[in-house]
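So the chains spell out like this:
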Amino acid sequence: MNDGGYTLTLTPKVLWIAAEPSEILQPERLSLTQIGNVLDGLRCLRNEDFDVLLASVPLPEWSSTASLLEELQQAQPGTPIVIYAPGASATEVVRLLRLGAFHVFQQGDATSLLYLAANSKWAQKSADAWSEAEQEPWHRLLVGESRGMLQVSQTIRLVARRRSTILITGETGTGKEIVAHSIHAASDRARLAMVCVNCSAIPEALLEAELFGHVRGAFTGASNHRVGRFEQAQHSTIFLDEIGDIPLSLQAKLLRVLQEREFQRLGSSDTVRLDVRVIAATHNDLAEMVRQGKFREDLYYRLNVVPISVPPLRERASDIRFLVLHFIEKICRAEDIPVKQVSRETLDRLAAHDWPGNVRQLENAVEKAVVLSGERPTLFPGDFPLPARKHPAALSGHTDGFIAVPDQGLDFEKTVGGIERNILEQALKKTRGNKKLAAEMLGLKRTTLTAKLKSLVAVSAA
């Protein structure tokens, strides 16, 4: 597979709609979801992405194969649709192909055909990604296509060529520095290197000299003239990481730099004029720090001209697959070893994890898996020993199972059924509709979870 430039082989994720089972597939070679009717299939497509759709016709409740094809195309645009139609005439086959079916077959094993269909989708996504990257090389730094990352990309396009100061916020490990590098790479200043300063890593006593430089004799130990980071960034970009950790005593001088675009070296009365783009980042809530008197309000507003919020990984689970593939290729190239493959089940498991350490934690987990897997060419779930998930009841604090019974009584079946439905819905939401992972999350067999879902649907229908 070539997905956004990462050459890896995955097991196609297939939705098969068939009223009656038939021996046209090798299930062990596929990540297969089989559904017995069209309406349930359409509902599934609205909640879960697939690489290929397979429909065995005729289907009792759907008389027209052409209208079925149209419904499937609308439910998940861009996903190849394969039709198994053993009784179709040559004219019907041609008509369905013209309407957009990837392939119509009448006999034989369809497994290899589904792989071919999946590759066509992967190749198209890869071509689209590389086309965009060729037009905007900076875009290769940002991995992901979730709504949150698309918003970040759109903001970068709008502001990269301006001088406006940018404040990047987000939890630790979300990739704020990568966003800063993307902004710089998309700007007219990209011909010069961006200067990066981690404000939390420099002792308070040295930070002013580090940022603004000093002259000889400015303080004890200043035996030579030193050019500060702002001056190093002349005509380029300076990135002030963890700006929330800068001491109050230095904030006034930084404010002057942002307002007047000039500063004085420590120990000098000479004014240095600046042409520098300032990008700052923090994991702190600066507005709250202002309320607490820990950060200057005027400096906050000077920094927060263009805000960019980088979403945590738990809010962009759809990007985890792309990030895993990106990190595998990056690490394997650095180690000069063949690029490893990764199983679909592994990707599903990683996508269902919360990743409190965000992208940085995910990258470390991938590096550990690549290194410890030795010569084995494929990564499996066992290569990623993730912490056990807590039971939903424990997460909500209801560990004793206590439910108050009102004086007028309650409907036992309805109450228990509601609790059960809520738990199942939470698990399916966290696993993005993957029943196997949801069952594992709840300590159930997949067949038990499926039976419970059917039972709840039956009760609702009654």
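The rules behind each value
Residues numbered from 1 in each chain as written. Predicted model: local features only at pLDDT ≥ 70, side-chain atom pairs only at ≥ 80, totals over all residues. Heavy atoms only, no water. Helix = DSSP H or I, 4+ residues; strand = E, 2+ residues; numbered from the N terminus. Buried < 20%, exposed > 50% of the residue type's maximum accessible area, 1.4 Å probe, protein only. Contact = heavy atoms within 4.5 Å. Areas by Shrake-Rupley, 256 points an atom, 1.4 Å probe, with all protein chains shown as cover. Salt bridge = Lys/Arg side-chain N within 4 Å of Asp/Glu carboxyl O. Axes fitted to C-alpha atoms, helices over the stretch in contact; angles between N-to-C directions. Parallel < 35°, antiparallel > 145°, perpendicular 65-115°, else oblique. Left-handed = near helix turned anticlockwise from the far one by under 90°. Nonpolar A, V, L, I, M, F, W, Y, C, P; charged D, E, K, R; others polar. Core = buried A, V, L, I, M, F, W, Y, C linked by side-chain atoms within 4.5 Å. Phe/Tyr/Trp six-rings, centres within 6.5 Å; stacked < 30°, edge-to-face > 60°. Lys NZ or Arg CZ within 6 Å of the ring centre and 35° of its normal.

> I would appreciate a short explanation of the overall build of the protein in the present structure.
Broken down by element type, the protein carries 18 helices and 16 strands. Burial status across the protein gives 45% buried among its 462 residues. Nonlocal contacts in the protein, meaning residues at least 24 apart in sequence, comprise 68% of its contacts between residues at least 6 apart. Carbon and sulfur atoms form 51% of the exposed surface of the protein, whose accessible area is close to 24,000 Å².

> Just to check I follow, could you spell out the pattern of salt bridges for this structure?
Side chains that differ in sign of charge can pair as their charged atoms come close. Summed over all chains, the structure comprises 19 salt bridges. For Lys 253, the salt bridge identified is with Glu 208, shortest N-O distance 3.2 Å. Here Lys 253, found in helix α9 (residues 248-260), pairs with Glu 208, found in helix α7 (residues 204-212); they are 45 residues apart in sequence, far enough to count as distant. On the basis of relative accessible area, Lys 253 is assigned to the partly exposed category, the value being 23%. A salt bridge links Arg 291 to Glu 288, with the nearest nitrogen and oxygen atoms 2.9 Å apart. A residue pair is termed a helical-turn pair when its members lie 3 or 4 positions apart in one helix, as Arg 291 and Glu 288 do in helix α10 (residues 286-291) at three residues. Residue class for Glu 288 comes out partly exposed when judged on its relative accessible area of 30%. Three or more residues joined by partner-sharing salt bridges are found here, namely Arg 256, Glu 262 and Arg 273.

> How do you make sense of the side chain of Arg 316 when you look at a structure like this?
Its place among the elements puts Arg 316 in the loop between β14 (306-309) and α12 (320-335). Residue contacts for Arg 316: discarding those within four places in its chain leaves Val 143, Ser 146, Met 149, Thr 174, Pro 311, Leu 323 and Val 359.

> Looking at this structure, how should I read α7?
Along an α-helix, residues three or four apart share an orientation, since each turn contains 3.6 residues. Turning to α7, its buried residues number three or more, namely Leu 207, Ala 209, Glu 210, Leu 211 and Phe 212. Looking at the buried side of α7, the elements it contacts are β9 (195-198), α8 (229-232), β10 (237-241), α9 and β11 (262-264). One or two steps after α7, the chain reaches Gly 213, where phi turns positive at roughly 80°.

> How should the packing of helix α2 (residues 65-75) against helix α3 (residues 90-98) be read in this particular structure?
A pair of packed helices is characterised by two quantities: the angle between their axes and the separation of those axes. Here α2 crosses α3 at 20°, and the two axes come no closer than 10 Å. Of the possible angle classes, the one that applies to α2 and α3 is roughly parallel. Classified by chirality, the crossing of α3 by α2 is right-handed. Contacts between α2 and α3 pair Thr 65, Ala 66 and Leu 69 from the former with Glu 92, Arg 95 and Leu 96 from the latter. Broken down by class, the residue content of the contact of α2 with α3 amounts to three nonpolar, one polar and two charged.

> Would you mind going over the nonpolar core with me for this structure?
In a soluble, globular protein the nonpolar side chains are often hidden away together inside. Counting 32 residues, the largest nonpolar core has Leu 211, Phe 230, Ile 238, Leu 240, Ile 243, Ile 246 and Phe 295 as its most contacted members. Looking at this core, the elements with two or more residues in it are β9, α7, β10, α9, β13 (277-282), α10 and α11 (297-303). With five residues, α9 is the single largest residue contributor to this core. If sequence neighbours within four positions are ignored, Phe 230 has contacts with Leu 211, Phe 212, Ile 238, Leu 240, Leu 254, Val 257, Phe 263, Leu 274, Val 276 and Val 278. Phe 322, Ile 331, Leu 347 and Leu 362 belong to the second largest nonpolar core, which has 25 residues in total.

> What should I look at first to understand the packing of aromatic side chains in this one?
Centre-to-centre distance and the angle between the planes together describe a pair of aromatic rings. Counted under the stated rule, the structure contains four aromatic pairs. With 5.6 Å between their ring centres and 40° between their planes, Phe 212 and Phe 263 make a pair best called tilted. Note that Phe 212 is positioned in helix α7 and Phe 263 in strand β11, a separation of 51 residues in sequence. Each member of the pair, Phe 212 as well as Phe 263, carries the same accessibility label: buried. An aromatic cluster of three or more residues is present, and its members are Phe 212, Phe 230 and Phe 263. Above the face of the Phe 50 ring, Lys 13 is positioned so that its terminal group lies 5.7 Å from the ring centre. In this arrangement the basic side chain of Arg 321 is found over the ring face of Phe 322, its NZ or CZ atom lying 5.5 Å from the centre.

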